[in-house]
Amino acid sequence: VRARVMQVDHSPDVTYADIGGLESQMQEVRETVEMPLDRPEMFQQVGIDPPSGVLLHGPPGTGKTMLAKAVANQTDATFIKMAGSELVHKFIGEGAKLVRDLFEVARENEPAVLFIDEIDAIASKRTDSKTSGDAEVQRTMMQLLSEMDGFEERGEIRIIAATNRFDMLDPAILRPGRFDRLIEVPKPDEAGREIIFQIHTRNMNVADDVNFVELAEMADDASGADIKAVCTEAGMFAIRDDRTEIYMDDFVAAWEKISAETDDDSVSRA
Ligand code: ATP
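Sequence order sets the numbering: in each chain, residues are counted from 1 along the sequence as written. Whole-chain, interface and lining totals are the exception, using all residues; otherwise, since this is a predicted model, local features are given only for residues with pLDDT of at least 70 and side-chain atom pairs are given and counted only at 80 or more. Computation of side-chain values covers all heavy atoms of the structure but excludes hydrogens and water.

*Asks:* I'm lost on the UniProt feature "binding site: ATP" (unreviewed entry) in the protein in this one. Help?
*Replies:* Sequence positions flagged by UniProt for "binding site: ATP" (unreviewed entry) are, in local numbering, G61, T62, G63, K64, T65, M66 and H200. Relative accessible area serves as the criterion here: at 8%, T62 is assigned to the buried category. The contact definition used throughout considers only heavy atoms, calling two residues in contact when any of these lie within 4.5 Å. Setting aside anything within four residues of it in sequence, one finds T62 in contact with L22, V185, P186, K187 and S223. Looking at T62, its side chain comes within polar contact range of the main-chain oxygen of P59, at 2.8 Å. For helices the rule is a DSSP run of H or I covering at least 4 residues; for strands it is a run of E covering at least 2, with both sets numbered from the N terminus onward. Tracing the sequence through the fold places T65 in helix α4 (residues 64–74). Categorising residues by exposure relies on relative accessible area from a 1.4 Å probe, with only protein chains included: less than 20% of the type maximum marks a residue as buried, more than 50% marks it as exposed, and the intermediate range marks it as partly exposed. When its relative accessible area of 22% is taken as the criterion, T65 is described as partly exposed. When residues no more than four places from it in sequence are discounted, the contact partners of T65 are F79, K81, F115 and D117. UniProt positions are given in the numbering used here, feature names are shortened, and annotations may be inferred rather than shown by experiment. N or O atoms closer than or at 3.5 Å make up a polar contact, with two conditions inside protein: a donor-capable atom paired with an acceptor-capable one, and, for residues adjacent in sequence, both atoms drawn from side chains.

*Asks:* Can you help me understand helix α6 (residues 95–108) in this one?
*Replies:* Each α-helix winds once per 3.6 residues, and so residues spaced three or four apart point in a common direction. By this rule the span expected of a helix is its residue count minus one, scaled by 1.5 Å. Taking 1.5 Å of rise per residue, 14 residues should cover 20 Å, and α6 covers 20 Å from first to last C-alpha, within 8% of that figure. Among the residues making up α6, those that are buried are G95, A96, L98, V99, D101, L102, F103, V105 and A106.

*Asks:* Just to check I follow, could you spell out the packing of helix α2 (residues 23–38) against α4 for this structure?
*Replies:* A pair of packed helices can be characterised by two numbers: the angle between their axes and the separation between those axes. Only the stretch in contact is used when fitting a helix axis, every axis being a line fitted to C-alpha atoms; angles between N-to-C directions are given from 0 to 180 degrees. At a closest axis distance of 10 Å, the pairing of α2 and α4 adopts a crossing angle of 50°. Taken together, the axis directions place α2 and α4 in an arrangement best described as oblique. Seen from above, α2 lies across α4 with right-handed handedness. For the pair α2 and α4, contact is made by Q25, M26, V29, R30, V33 and E34 and by L67, V71 and Q74, respectively. Residue type decides the class: Asp, Glu, Lys and Arg count as charged, Ala, Val, Leu, Ile, Met, Phe, Trp, Tyr, Cys and Pro as nonpolar, and the leftover types, Gly among them, as polar. In terms of residue class, the contact of α2 with α4 is made up of five nonpolar, two polar and two charged. When an angle is under 35 degrees it counts as roughly parallel; over 145 it counts as roughly antiparallel; between 65 and 115 it counts as roughly perpendicular; any other value is oblique. Each crossing gets its handedness from the near helix: less than a right angle anticlockwise from the far helix is left-handed, clockwise is right-handed.

*Asks:* What's the story with helix α8 (residues 190–200) in this structure? I'm lost.
*Replies:* Where α8 is concerned, the buried positions are G192, R193, I196, F197 and I199. The arc that holds the buried residues of α8, viewed along the axis, is 160°, so those residues lie on one side. Of all possible arcs, the one meant is that of the directions from the helix axis to the C-beta atoms.

*Asks:* Hey, could you run me through the packing of aromatic side chains in this one?
*Replies:* Each aromatic ring pair is summarised here by two numbers: the centre-to-centre distance and the angle between the ring planes. Pairing of aromatic side chains requires ring centres within 6.5 Å, counting the rings of Phe and Tyr and the six-membered ring of Trp. Pairs whose planes differ by under 30 degrees are stacked, by over 60 edge-to-face, and all others tilted. Across all of its chains, the model carries two aromatic pairs by this definition. Taken together, a centroid distance of 6.5 Å and an interplanar angle of 75° make the contact between F197 and F251 edge-to-face. On the criterion of sequence distance, the pair formed by F197 in helix α8 and F251 in helix α11 (residues 248–265) is long-range, its members being 54 residues apart. What makes F197 buried here is its relative accessible area of 0%.

*Asks:* What's the story with unusual backbone geometry in this structure? I'm lost.
*Replies:* Working note: non-glycine residues mostly have negative phi, and peptide bonds are mostly trans. Note that the residue after E110, namely P111, is joined by a cis bond; omega there is -15°. Structurally, P111 is set in the loop between α6 and β4 (112–117). Even without being a glycine, D221 presents a positive backbone phi close to 75°. Mapped onto the elements, D221 comes out in the loop between α9 (212–218) and α10 (224–240).

*Asks:* For this particular structure, what's the right way to read the packing of α8 against α10?
*Replies:* The interhelical angle for the contact between α8 and α10, taken along N-to-C directions, is 45°, at an axis separation of 9 Å. The angle between the axes of α8 and α10 places the two elements in the oblique class. Crossing of α8 against α10: the hand is right-handed. Where α8 abuts α10, its residues R193, I196, F197 and H200 lie against G224, I227, K228, V230 and C231. Residues of the contact of α8 with α10, tallied by class, amount to five nonpolar, two polar and two charged.

*Asks:* Just to check I follow, could you spell out the sheet that holds strand β2 (residues 53–57) for this structure?
*Replies:* Strand pairs in the sheet, formed through backbone hydrogen bonds, run parallel or antiparallel to each other. Across the sheet, which stays open at both edges, the six strands sit in the order β1-β3-β4-β5-β2-β6 with mixed pairing between neighbours. This sheet does not close on itself; its edge strands, each paired only once, are β1 (7–9) and β6 (181–184). Across the sheet, the mean angle separating the axes of adjacent strands is 20° when strand polarity is ignored. By definition, two strands form a pair when at least two bridges between them are found by DSSP. Pairing geometry for β1 and strand β3 (residues 78–83), over three bridges, is antiparallel. Note on β3: the bridge partner recorded for V8 is I80. Contacts between α2 and the sheet are confined to β2, β4, β5 (157–163) and β6, with β6 contributing the most and set at about 145° to the helix.

*Asks:* Just checking my understanding: could you explain the nonpolar core for this structure?
*Replies:* Within soluble globular proteins, side chains that are nonpolar tend to cluster in buried spots. Only buried residues count toward a nonpolar core, which is a set of Ala, Val, Leu, Ile, Met, Phe, Trp, Tyr and Cys residues joined through side-chain atoms within 4.5 Å. Counting 32 residues, the largest nonpolar core has I80, L114, I119, L144, I173 and F179 as its most contacted members. Broken down by secondary-structure element, the contributors of at least two residues to this core are β3, α5 (84–89), α6, β4, α7 (132–149) and β5. The element best represented in this core is α6, accounting for six residues. When neighbours within four sequence positions are excluded, I173 is seen to be in contact with I119, A123, M141, L145, R178 and F179. Ranked by size, the runner-up nonpolar core spans 23 residues in total, among them Y16, M26, A68 and A77.

Quick look at the structure:
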């Protein structure tokens, strides 16, 4: 069961250089997650506890998982990922046990960055907690909180949670000593989009006529994941045309296709 819900990556390959347009978020993640892993003695000497959990919140596909992976990479930590929805929906009745397992695996693999995606699935405000499904979710969350409260024994483990639905979270998980550092990860602005286009075309055979400033302006409202999809699609247009060089027109056509798709189902890709 463990292996199917937990993703354990001993050397994640994402670096900060792969992330575009999130400078202040990167800075904050480095201070709150990287520093305590790299220099725990600093916190001891100063006499403060490092933040125990960091919560990243924002729309899908904006780089939350990337941030967590980049920190793990930078600190030579194991990256361990689990999705809140899998904790409670996939194996009914197993949620609390899976949380215990998760922390056990983290302890076995210290230093570790524990990434809990879709935390809202186990920690949302609920109006009715009488149904059995809700009781199970509740137990899973209580187990998570108790693991987090046992922070001292946790050693070199940092916890990063992520959600697209910040407004739905149970305030209990935002109390001091828990996920008390909130970092908003928004969709990129125009300058951010330009950088993300550059990042995702690094290994592409891009023609001279491709203008990243114009692409960034055009891809209004795109997430990082959307931009990645546009770049891949632009490459596909070139291949379909039996070319190995990608033109500006390919990117424009790709954006039209991708934006029509995202409008259709109004869910961004991740
Ligand atoms: P979700 O909330 O859906 O889990 P997320 O915020 O965790 O999404 P990621 O998984 O980090 O999103 O991003 C998905 C993909 O989109 C990344 O692998 C990357 O290719 C691209 N991407 C997203 N944001 C950025 C960014 N800021 N810079 C560069 N690439 C990005």
